[in-house]
Amino acid sequence: AGSAPDIANLWTGQSIFAMKDVIRPLDDLIPADDLKNIGGWESVRDGFKPDGVILGYPASQNQICFFLYNKKIIKDAGLDFEARPPKTIEEFDAACAKIKAIGKQPIVVDESFPWFVCWIANYWWAQVTGGDVISEETIGLKKFSDDKGLLDTLVYYNKLYKNGYLNQDMGTSADSWNRFLQREAAMFPAVTSFLSDAEKTLGADAGVILPPEFSASAKIKNSTIGGPGQSMVVSKNSKHPELAVKLLSFLNSKKEVLEAQKVMPVPPVRTDLTISELGWAPDSNIAKLFKVSSSYIYWIDNRLTSPVADVFYKLVPLVGLGKITPKEFVAAMDKAAAK
């Protein structure tokens, strides 16, 4: 309508690619120092291409996906995730079985929106299949139904539920975060914005681990889902694009990022900051996440085009619950991609 604000906060990836007709490209306005010292530009380059038009600034947080865990429950189960975190699916299953054996819920999550899949299971899918292949599948160049990494991940997602490692009310629950904070469960799939509250509530019992590796032959290992999931864009009808970019550059400046860390510690998208500069103890939870923040796999759901993402969000929880089969799910994904 030509009445957009100068700046808008939008998801990165496909969300802004679909709106590029109303977003001003910023290649000619971004300072060279920002391109050098800020990471995550791939999330705002059209089509995820290295030379794609830059449609916005990565928002200043690098949200890393991981498991929050309760150290006391883990210790009571005879486990030590600090010294020996589960590195494989087999080790992860064995740990969940030990937690369940002492009467605690291994993992608690609300899956009416598939948080576990977006934050954890998508890593297993991506590390086997690769993000570039998934980008081809979402526009119909390849088939989700031929994607063994996706199908195997879906089977395992349902297996976790059938074994009782995921809470049995995950399809309808809306209080999993509180249940974790109340020490009812050992693990909670999370992003870095949850860490501060967990540490305030659980104190020294709050710990973090990365998802286990899904396959010994996976293309990608020792990583996790993450990156700047949000962006700041400038509208094409802005009368002050230079000033808008000046503001976005300021919000991502080293000084401003350090100020923001005082409110909520999260791995920043700036690449010229150290753990020491950020004021974190080397063995702290946030420092552990920071160490993997430069090797993330970009958000898989942000790679999905809108029709495919809509099917993904609505139907994948039903796979976990055993209401539909993985093959039925991927068929629906392929149908959406064909559109």
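Residues numbered from 1 in each chain as written. Predicted model: local features only at pLDDT ≥ 70, side-chain atom pairs only at ≥ 80, totals over all residues. Heavy atoms only, no water.

**Some points on empty space enclosed by the protein**
For clarity, the threshold we go by: Buried and open spaces are told apart on a 1 Å grid over the protein atoms alone, a cavity being a set of points where a 1.4 Å probe fits but cannot get out and a pocket being an open set with protein on both sides within 12 Å along at least five of seven lines. Residues with an atom within 4 Å of a point are the lining residues. Grid points are joined across faces, edges and corners, and a volume is the space filled by probe spheres set on the points. Each helix corresponds to a stretch of at least 4 residues labelled H or I by DSSP, and each strand to a stretch of at least 2 residues labelled E; elements are numbered beginning at the N terminus. Polar here means any residue other than Ala, Val, Leu, Ile, Met, Phe, Trp, Tyr, Cys and Pro, which are nonpolar, and Asp, Glu, Lys and Arg, which are charged; Gly is therefore polar.
Evaluation of the coordinates by the stated rule reveals 1 cavity of 30 Å³ or more. Approximately 50 Å³ is the volume attributed to the largest cavity. Mapped by element, the contributors of at least two residues to the lining of the largest cavity are α5 (115-129), α7 (148-162) and α15 (306-320). Taken together, the residues that form the lining of the largest cavity break down as 8 nonpolar, 2 polar and no charged.

**Notes on the packing of α15 against helix α16 (residues 326-338)**
What describes two packed helices is the angle between their axes and the distance between those same axes. Threshold: The axes are straight lines fitted to the C-alpha atoms, using for helices just the contacting stretch, and the angles between their N-to-C directions are given from 0 to 180°. In this scheme, roughly parallel covers angles under 35 degrees and roughly antiparallel covers those over 145, while 65 to 115 is roughly perpendicular and the rest are oblique. Note on contacts: a residue pair is in contact if any heavy atoms of the two residues lie within 4.5 Å.
Two elements in contact, α15 and α16, have axes separated by 9 Å at closest approach and are oriented at 170°. Judged on the interaxial angle alone, α16 and α15 are roughly antiparallel. Where α15 abuts α16, its residues Pro307, Val308, Val311, Phe312, Leu315, Val316 and Val319 lie against Pro326, Phe329, Ala332, Met333, Ala336 and Ala337. For the contact of α15 with α16, the class distribution of residues is 13 nonpolar, no polar and no charged.

**Focus: the sheet that holds strand β2 (residues 57-58)**
Pairing between the strands of a sheet comes from backbone hydrogen bonds, and it takes one of two forms, parallel or antiparallel. Basically, it comes down to this: What makes two strands pair is DSSP finding at least two bridges between them.
The strand order across the open sheet formed by 3 strands is β1-β8-β2, and the pairing between neighbours is antiparallel. Edge positions in the sheet fall to β1 (7-11) and β2, since each has one partner strand and no second. Inspection of the sheet shows β1 paired to strand β8 (residues 230-234) by 5 bridges, in the antiparallel sense. Following the sheet pairing, Leu10 is matched in β8 by Ser231. Sitting on the sheet, helix α10 (residues 241-251) touches β1, β2 and β8, and the angle it makes with β8 is about 155°.

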